[in-house]
Amino acid sequence: MASSKIYDTIIIGGGPAGASAALHLAYHKRSVLVLDRGTSPMHFHTNSIYNFAGAGTYNEGRSLLRQMQGVAQSAGAKFKAANVVEVSGRYPKFKVTTDWSPRTRDKSEYTARTLIFATGTARKHPLVDGEWKNWLPVANVGNGAYYCPDCEAPLCKGKDVLVVNAGTVGSALHVANTLTRFAKKIRILMTEDAYAPIEDQDLTKLDKSPFEWTKGTIKSISFPRPSRVQSVILTNGDELRTNVFFVAFVAFPRSELAQQIGVEVDPRGNILTDKRGKTNKEGVWAAGDCRPITQQVAMATGTGNYAALMINQFLGNEYEKDQLFDHPDCRGLIHPD
Ligand SMILES: Cc1cc2nc3c(=O)[nH]c(=O)nc-3n(C[C@H](O)[C@H](O)[C@H](O)COP(=O)(O)OP(=O)(O)OC[C@H]3O[C@@H](n4cnc5c(N)ncnc54)[C@H](O)[C@@H]3O)c2cc1C
């Protein structure tokens, strides 16, 4: 069923980036619709957020996100559980189509003058007997498996950590290096069936590093109880016991929808924007993890806020629009930060 209302902005994705953008736009009396299929890691995996200023020393991801969405709703933003499958059109009229999914029941079409993509990123974990989903039930549960060195390295203080790599040698070393000031012992497991093939010259980087490392294919993971000794069992029968797994995952930014309307992405699929979140397409912004930025709640909310601020000015005042986007800082710039 198609809705006849034309929103000022439709935001695709209601994680921290989308919720933050929705708050600013609604606060400024813009009509804003957030379409979200509810798969933010904030719902599932972030049960211990310590590094988001302004909301206490410890936050459970789920309740933090609920708060963010609640404030935006109170300001007037409309949130809908919906799975967006298609985006078309151009400024000032974009069409957004949703369809049924296991998590949503909405099948409709919506129209807006501007768009924000806040679709986040999908994470691929190391394969366990050919399957990556085995990690999800233990991701962050009881702080036994960690993902983000920037957010979680300090939580590994005094622990024996096994860095389990799903990507490149560079990502494994980045995780291991970040842990050095905290962990008691650090080892790296390079999974042989990782998504990025391991080159011989990369392995010499590991040899030159201070870290003990091994390679192998994971048969199973044993996770008897959160924070207890646990292990990875390799196909050759070796068992690597540890206190904590630190997963060096591979990220796949969710940018397919943006690409449908010609939004530019980098070779990894990150949505490219100027500093303020504006894409190469008139009337289209992006915020949060779908851009090539550090994946943190603070960055997501910050970029969401910035994009919304710019859209509010863009919609509000034709002459100001030219002034803003001619700013020497970002004129014609498409760059990664
Ligand atoms: C295990 C783990 C632990 C973490 N711990 C921390 C931490 O301690 N501190 C910290 O700062 N950060 C942490 N992070 C990172 C933080 O969760 C992310 O940076 C943040 O959630 C990004 O927000 P976002 O809004 O950009 O994307 P997301 O939170 O991923 O939200 C994107 C939303 O878009 C929706 N969406 C995508 N495509 C569609 C579509 N087609 N239709 C409808 N909806 C769609 C998704 O369902 C999702 O709800 C952690 C992440 C993980 C995985």
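To be clear, the structure that these remarks concern was listed above.
I will try to describe carefully the structure that is included in this document. Sequence order sets the numbering: in each chain, residues are counted from 1 along the sequence as written. In keeping with the model being predicted, local features are shown solely for residues with a pLDDT of at least 70 and side-chain atom pairs are shown and tallied solely at 80 or more, while totals for entire chains, interfaces and linings include all residues.

### Thoughts on the overall build of the protein chain
Test applied: The numbering of helices and of strands both runs from the N terminus, where a helix is a DSSP run of H or I of at least 4 residues and a strand a run of E of at least 2. With C-beta atoms placed from the backbone, a residue is buried if 20 or more other C-beta atoms are within 10 Å of its own, exposed if 12 or fewer are, and partly exposed between those counts. Here the contact rule is simple: place C-beta atoms from the backbone, and any two residues whose C-beta atoms are within 7 Å are in contact.
Across its full length, the protein chain carries 9 helices and 17 strands. For the protein chain, the proportion of its 337 residues judged to be buried stands at 44%. Nonlocal contacts in the protein chain, meaning residues at least 24 apart in sequence, comprise 64% of its contacts between residues at least 6 apart.

### Looking at the packing of helix α1 (residues 16-27) against helix α3 (residues 61-75)
Let me state the cut-off plainly: Think of each axis as a best-fit line through the C-alpha atoms, taken over the contacting stretch in the case of a helix, with angles from 0 to 180 degrees between the N-to-C directions. Here roughly perpendicular refers to angles of 65 to 115 degrees, roughly parallel to angles under 35, roughly antiparallel to angles over 145, and oblique to all remaining angles. Crossings are classed by handedness, with left-handed meaning an anticlockwise turn of the near helix from the far one by less than a right angle and right-handed meaning a clockwise turn.
Viewed as axis vectors pointing N to C, α1 and α3 meet at an angle of 20 degrees, and their least axial separation amounts to 8 Å. On the basis of their axis angle, the class for α1 and α3 is roughly parallel. Considering only the axes of α1 and α3, their crossing is left-handed. The residues of α3 that touch α1, namely those facing P16, A19, S20, A22, L23, A26 and Y27, are L65, M68, Q69, V71, A72 and A75.

### What about the site of the ligand?
The condition that has to hold: Placing a C-beta atom from the backbone of each residue, we mark the residue near a molecule or strand if the atom is within 6 Å of it. Under the scheme applied, nonpolar residues are Ala, Val, Leu, Ile, Met, Phe, Trp, Tyr, Cys and Pro; charged residues are Asp, Glu, Lys and Arg; polar residues are all the others, including Gly. All the domain ranges listed were derived from an automatic or database domain assignment.
Around the ligand lies a shell of 42 residues, among which G13, G15, S40, G120 and G288 are the nearest. The set of elements that each furnish at least two residues to the shell around the ligand consists of α1, β2 (32-36), α2 (41-44), β4 (83-90), α4 (149-152) and α8 (297-316). Here the shell around the ligand is built from residues that sort into 19 nonpolar, 17 polar and 6 charged. Formed jointly, the shell around the ligand draws a minimum of three residues from each of two domains, domain 1 (2-120 + 254-325) and domain 2 (125-249).

### Overview of α8
Since the α-helix turns once every 3.6 residues, residues separated by three or four places project in the same direction. For the record, the criterion: Each residue after the first adds 1.5 Å to the expected span of a helix.
Here α8 spans 28 Å end to end across 20 residues, near enough to the 28 Å set by a 1.5 Å rise per residue. Within α8 the residues assigned to the buried category are V297, A300, T301, T303, G304, Y306, A307, A308, M310, I311 and F314.

### What to know about the environment of L173
When you line up the elements, L173 lands in helix α5 (residues 169-179). Sequence spacing of L173 and V163 is 10 residues, and the spatial spacing of their C-alpha atoms is 8.9 Å. Ignoring sequence-local partners within four residues, the contact set of L173 consists of K205 and S209.

### A short note on the sheet that holds strand β14 (residues 239-242)
Two pairing modes exist for strands in a sheet, parallel and antiparallel, and in both the strands are linked by backbone hydrogen bonds. We apply this condition: Paired strands are those between which DSSP finds at least two bridges.
Across the sheet, which stays open at both edges, the 3 strands sit in the order β12-β13-β14 with antiparallel pairing between neighbours. Looking along the sheet, the strands with just one partner apiece sit at the ends: β12 (218-222) and β14. Put simply, the sheet's adjacent strands are angled 15 degrees from each other on average, direction ignored. With 4 bridges joining them, strand β13 (residues 230-234) and β14 adopt antiparallel strand pairing.

### Some details on unusual backbone geometry
With an omega of 10 degrees, the peptide bond between Y91 and P92 qualifies as cis. On the secondary structure map, P92 appears in the loop between β4 and β5 (93-99). Unusually for a residue other than glycine, D129 sits at a positive phi of about 50 degrees. For D129, the position within the fold is in the loop between β7 (121-124) and β8 (145-146). Judged by C-beta crowding, with 13 C-beta atoms within 10 Å, D129 ranks as partly exposed.

### As for the sheet that holds β8
Strand order in this open sheet of 5 strands is β8-β15-β9-β10-β11, and the pairing throughout is parallel. What marks the edges here is a single partner per strand, and that holds for β8 and β11 (212-216). Both strand β10 (residues 185-191) and β11 contribute to a ladder of 5 bridges, which runs parallel. Of the residues in β11, the one forming a bridge with R187 is E212.

### Examining the nonpolar core
Filter applied, for reference: We define a nonpolar core as a collection of buried residues of the types Ala, Val, Leu, Ile, Met, Phe, Trp, Tyr and Cys that are connected via C-beta atoms lying within 7 Å of each other.
With 54 residues, the main nonpolar core has I10, A21, A22, I116 and F117 as its most contacted residues. Top contributing element to this core by residue count: α8, with 8 residues. Ignoring sequence-local partners within four residues, the contact set of I116 consists of T9, I11, G18, A21, W285, A286, A287 and A307. Counting residues in hydrophobic clusters, the runner-up holds 36 residues, among them A145, C151, I186 and A194.

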